[in-house]
Amino acid sequence: MSGILQHMPSPGATTAVVVGRAVPEVEPLIAAGESTLWIVDDEGWRMAPPALRESGAARLVVDRFDRSGFAEVIETFLMRDMLRLPEVVVTAAIPEALGERFAKVVDQLHAHYERNYRVRRTRQEEGARWQGQLLENVLDYMEWRLPRAWENALAGIPAFVCGAGPSLDVTAPLIARRRSSAVLFAADTALRTLARHGLQADFAVSVDAAKLPEKCLDDQTEPRCAVLASISPPAWKEYVAGRFCFLSGRLVTEDWLADHGIPKTPFVVTENCGITAIELARFLGCEPILLFGMDMAADDADPTRRHTGGADATIDRGSGYRVDGAMPRVPGNYRETVPTFMYAEWVALNDKLAGWPPDLVFNVNDR
């Protein structure tokens, strides 16, 4: 039987991460020395051949796994090659008693790998577009940023925050029945599904440089206010006829503007449109915050099924989403666990909510 449990190749990789005790298939990777991070338990380290222990490979001992410490180690290791991510190999030589601890490490590794993959690919492919669209938006960004005066402006009013997960097709009628009692926030790709159910969003959040408004809007889907990023396509401003405001992000140009008297907004764009919409609802003081369509999952039977029926199927083409690889699994709605193509976002949202009041946010799904 092969000693490899999981393999994540990276074309042209100059570094590697090995998780688990050494097996013959991965010994050459570990022996590569300083280009390798070996995540192993104490006993597995002591059992390894002397050549591997003396190879110079960076070592992270899983027996003493600390989530915050792991984040620092893996992010530092990923910086060794700014162009290519490491090859990742999980061996089958993992002792049963440490299975859960190793599983946590692998989950965290997935999150860091996915986040870095997206950031690097986006910067390489979209960097020029980011800067160009920011410059087109810069005068409006300077004048129409989200004001701090809006903080707690909707205190105590319930919020319905909608993502474009498949469950929104089922839960939208629930929203429609209670629409008058809440403020409706939507990720841009959820707008058409809401419109099919006769729902107009109060706030639509679109913070992706590649999401053109015509992919998300038509005459029936225009929100009352669009919340944009400085890198959003400038056409959004025309589609919503001046009903917009900007959020800051983490761009060097925005930092430069802040240093020259154009301060950043009270909170900045986060991982994606949906999570940013949740942040907006909290900033405005809404309570409670109910989440709809925040599935963040692929369908086990058909992993290409990502969105509601109303979303443009081409909108995420080129995002890096792959259906041919082994996707991490998370707690599910229609079964115990489901595969997710957004593991980094899932982790980020969980981490965020862990620091919020326990009775503030509730997830509503279809099954």
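Parameters and conventions
Numbering of residues starts from 1 in every chain and runs along the sequence as written. Local features are withheld for residues below a pLDDT of 70 in this predicted model, meaning they are given only at 70 or higher, and side-chain atom pairs are given and counted only at 80 or more; totals for whole chains, interfaces and linings count all residues. Excluded from the side-chain calculation are hydrogens and water; included are all heavy atoms of the structure. If DSSP finds at least two bridges between two strands, the strands pair. Think of it this way: any DSSP run of H or I at least four residues long counts as a helix, any run of E at least two long counts as a strand, and we number them from the N terminus. Axis lines are fitted through C-alpha atoms, for helices just across the contact stretch, and the angle between N-to-C directions can take any value from 0 to 180 degrees. The predictor's confidence in any single residue is recorded as pLDDT, a number from 0 to 100. Two residues form a contact once any of their heavy atoms are found within 4.5 Å. Any pair of cysteine sulfurs within 2.5 Å is marked as a disulfide. To sort residues, take the accessible area from a 1.4 Å probe on protein chains only and compare it with the maximum for the residue type: under 20% means buried, over 50% means exposed, and anything in between is partly exposed. Only Phe, Tyr and Trp rings take part, Trp by its six-membered ring, and two of them pair if their centres are within 6.5 Å. Stacked means planes under 30 degrees apart, edge-to-face means over 60, and tilted covers everything else.

1. Considerations on the sheet that holds strand β5 (residues 87-91)
Okay, step 1: Ordered by their spatial adjacency, 5 strands build an open sheet running β1-β5-β2-β3-β4, and the pairing between neighbours is mixed. On the outer flanks of this sheet lie β1 (4-8) and β4 (58-61), each paired with one strand and no other. Taken pair by pair, the neighbouring strands of this sheet meet at an average axis angle of 15 degrees, ignoring direction.
Okay, step 2: Summarising the sheet, strand β2 (residues 16-19) and β5 pair through 4 bridges and their orientation is parallel. If you follow V18 over to β5, its bridge partner there is V89.

2. What about the confidence of the model for the protein chain?
In low-pLDDT regions, the fine details of the predicted coordinates are not to be read closely.
Okay, step 1: The share of residues in the protein chain with pLDDT of 70 or more is 89%, and the mean pLDDT across the chain is 85.
Okay, step 2: Predicted confidence is poor over residues 317-324, with pLDDT under 50, and the contacts of this stretch with residues over four places away or in other chains come to 14 contacts.

3. Section: the sheet that holds strand β9 (residues 225-229)
Okay, step 1: On the basis of which strands lie adjacent, the open sheet formed by 7 strands has the order β10-β9-β8-β7-β6-β11-β14 and parallel pairing. Of all strands in the sheet, those with a lone pairing partner are β10 (244-247) and β14 (361-364), marking the two edges. The average angle at which neighbouring strand axes cross in this sheet is 20 degrees, direction not considered.
Okay, step 2: Bridge count for strand β6 (residues 159-162) against strand β7 (residues 183-187) is 4 bridges, and the pairing is parallel.

4. Comments concerning the state of the cysteines
Okay, step 1: Under the counting rule described, the total for this entry stands at 0 disulfides.
Okay, step 2: Not engaged in a disulfide, the cysteine C245 finds its nearest cysteine sulfur in C225; these two sulfurs lie 4.5 Å apart.
Okay, step 3: On the accessibility criterion, C245 (4% relative accessible area) is buried.
Okay, step 4: C273 takes part in no disulfide bond, and the closest cysteine sulfur to it belongs to C216, at a distance of 7.8 Å.
Okay, step 5: Here C273 falls in the buried class, since its relative accessible area comes to 6%.

5. Some remarks on the packing of aromatic side chains
Okay, step 1: Applying the stated rule across the entire model yields 7 aromatic pairs.
Okay, step 2: Their ring planes at 70 degrees and their centres at 6.2 Å tell us that Y141 and F246 sit as a pair that is edge-to-face. A residue pair is termed long-range when its members are at least 10 positions apart, and Y141 in helix α5 (residues 99-143) and F246 in strand β10 qualify at 105 residues. The residues Y141 and F246 share a single accessibility class, namely buried.

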